[in-house]
Amino acid sequence: MQPVDSHLFLLVGAALFSIGLAVVLLKRHAIVVLMGIELMLNAVNINLVAFSQYDPDRLQGQMLSLFVMVVAAAESAIALAIVLQVYRHFRTAQLDELNELNY
Amino acid sequence: MAVLITRNVLYAAFFLLLTLFGVAGLFVLASADFLAIAQIMIYVGGVLVLVIFGVMLTNKPELPNDTNSQQPNRIISKNRSGAGSGWVVAVLVAGALFIALYTLLARANFTLLTQPVGWQSTVTVIGKQLMTEYVVPFEIAGILLLAALVGATYLAAPQTKSSQNATR
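What counts as what
Residues numbered from 1 in each chain as written. Chains lettered and ligands numbered in written order. Predicted model: local features only at pLDDT ≥ 70, side-chain atom pairs only at ≥ 80, totals over all residues. Helix = DSSP H or I, 4+ residues; strand = E, 2+ residues; numbered from the N terminus. Rg over C-alpha atoms; globule rule 2.2 N^0.38 Å. Buried ≥ 20, exposed ≤ 12 C-beta atoms within 10 Å, placed from the backbone. Contact = placed C-beta atoms within 7 Å. Nonpolar A, V, L, I, M, F, W, Y, C, P; charged D, E, K, R; others polar. Core = buried A, V, L, I, M, F, W, Y, C linked by C-beta atoms within 7 Å. Expected span 1.5 Å × (residues − 1). Bend = angle between axes of the 7 residues up to and from the residue. pLDDT = per-residue confidence, 0-100.

Let us now look at the overall build of chain A. Secondary structure assignment for chain A yields 3 helices and 0 strands. The order of α-helices and β-strands along chain A, N terminus first, is α-α-α. Here the C-alpha atoms of chain A give a radius of gyration of 17 Å, more than 25% beyond the 13 Å that 2.2 N^0.38 yields for 103 residues. Seen through its C-alpha atoms, chain A measures out along the principal axes to roughly 60 × 25 × 20 Å. A burial count over chain A gives 50% of its 103 residues as buried. Of the contacts made within chain A by residues no fewer than 6 positions apart, 46% connect residues no fewer than 24 positions apart.

Laid out in structure tokens, this is it:
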């Protein structure tokens, strides 16, 4: 199989991280912000895997990326539960309209 | 990219699905077959289903009789005041980060990336590593997932009658 140039992995990771950061900063719906966080975690995973293919004996990058995936799954479950409770309480999930902590 | 462009939340979820499949394909190209399958199973099978459930549960339907005289004005004024500066600042920050990373990657000279790579299955190595060197983080990840799921169930559950009466 033709090996892929590893700079492309790093470039794709950089682009994906920037897009995720823009999504987090720009969007107003809470769930879309969560999607941006997932995009950033995926960009980090791409970088880890791209460097880990030169370490076939220990695969430390792939192990770290596996644990990043586990933490991302737990984080998204908790965050979606919190968004559900916020939606039940305030009847909205737009982050701009949530300007009170308690009412 | 389309997660950024689209305004519909459900379309954003579907474009996120496409992006996650693309990342899984990149993992295959980087000779990480186990991680590609794990990516598809965890993200597409677990996280994205959760996200779509969240979208469907929190999507506010457009009420046609809710268009009183104050609602559109508020939205228009908010867009005029807040969206201009916030949009520009967000795009500037993200674009500057991408340009900085691009110049860094273009100038950097990774000697590691010029070495040839072999293609072999990573499943046995990952299994051995999980059971020997990474056994403590593995168990901690299990406990973390258990605690996270119990906590998420507790948070998302509707409040019972007694606790509602108690808080009132």
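Now, onward.
The subject of this paragraph is the overall build of chain B. The number of helices and strands found in chain B is 7 helices and 0 strands. Secondary structure elements of chain B, listed N to C terminal, follow the sequence α-α-α-α-α-α-α. Across the 168 residues in chain B, those meeting the buried criterion constitute 17%. Contacts in chain B between residues far apart in sequence, at least 24 positions, make up 53% of those at least 6 positions apart.

Looking now at the interface of chain A and chain B. Contacts between the two partners involve 57 residues from chain A and, on the opposite side, 60 residues from chain B. When residues of the side of chain A that touches chain B are traced back to their parent elements, those giving at least two are α1 (6-26), α2 (30-52) and α3 (60-90) of chain A. Looking at which element gives the most residues to the side of chain A that touches chain B, the answer is α3 of chain A, with 20 residues. Broken down by class, the residue content of the side of chain A that touches chain B amounts to 43 nonpolar, 12 polar and 2 charged.

Turning next to the nonpolar core. Where a protein is soluble and globular, its nonpolar side chains tend to be buried together. In this structure, I31, M35, I46, V49 and V83 of chain A together with F27 of chain B are the most contacted members of the largest nonpolar core, which totals 56 residues. Elements supplying a minimum of two residues to this core: α1, α2 and α3 of chain A together with α2 (9-29) and α3 (33-58) of chain B.

Our next topic: α3 of chain B. For α3 of chain B, with 26 residues, the first-to-last C-alpha span of 36 Å sits near the 38 Å given by 1.5 Å per residue. Remark: the principal bend of α3 of chain B, roughly 30°, maps to L48 of chain B. When we look at burial in α3 of chain B, the residues that qualify are L35, A36, Q39, Y43, V47, V51, G54, V55 and T58 of chain B. In this fold, the buried residues of α3 of chain B make contact with α2 and α3 of chain A together with α2 of chain B.

Attention now goes to the confidence of the model for chain A. Do not read the fine detail of predicted coordinates wherever pLDDT is low. Scored by pLDDT, chain A comes out at a mean of 86, with 94% of its residues at no less than 70. Looking across chain A, the model is least confident in α1 of chain A, with a mean pLDDT of 89, and most confident in α2 of chain A, with 91.

All right, on to unusual backbone geometry then. Peptide bonds are, in most cases, trans, and in most cases residues other than glycine have a negative phi. Here the phi dihedral of L59 of chain A falls at roughly 55°; this positive angle occurs in a residue that is not glycine. With respect to the helices and strands, the residue L59 of chain A is situated in the loop between α2 and α3. L59 of chain A gets classed as buried once you count the C-beta atoms within 10 Å, which come to 22. For S31 of chain B, which is not glycine, the phi torsion reads 60° and is therefore positive. Position of S31 of chain B among the secondary structure elements: in the loop between α2 and α3.

Residues and elements named next belong to chain B. The predicted model of chain B averages 79 in pLDDT, with 77% of residues at 70 or higher. Confidence, read as mean pLDDT per element, is least for helix α7 (residues 161-167) in chain B (52) and greatest for helix α6 (residues 135-156) (92). Here residues 65-74 is modelled with pLDDT under 50, and outside its nearest four sequence neighbours on either side it reaches 2 contacts, counting other chains as well. Across residues 76-81, where pLDDT falls below 50, the model places 0 contacts with residues more than four positions away in sequence or in other chains. Here the predicted complex carries an ipTM of 0.86, next to a pTM of 0.82.

We now examine α2 of chain A. Between its terminal C-alpha atoms α2 of chain A stretches 33 Å, which fits the 33 Å expected from 23 residues at 1.5 Å a residue. By the criterion of burial, α2 of chain A is predominantly enclosed, with 17 of the 23 residues buried.

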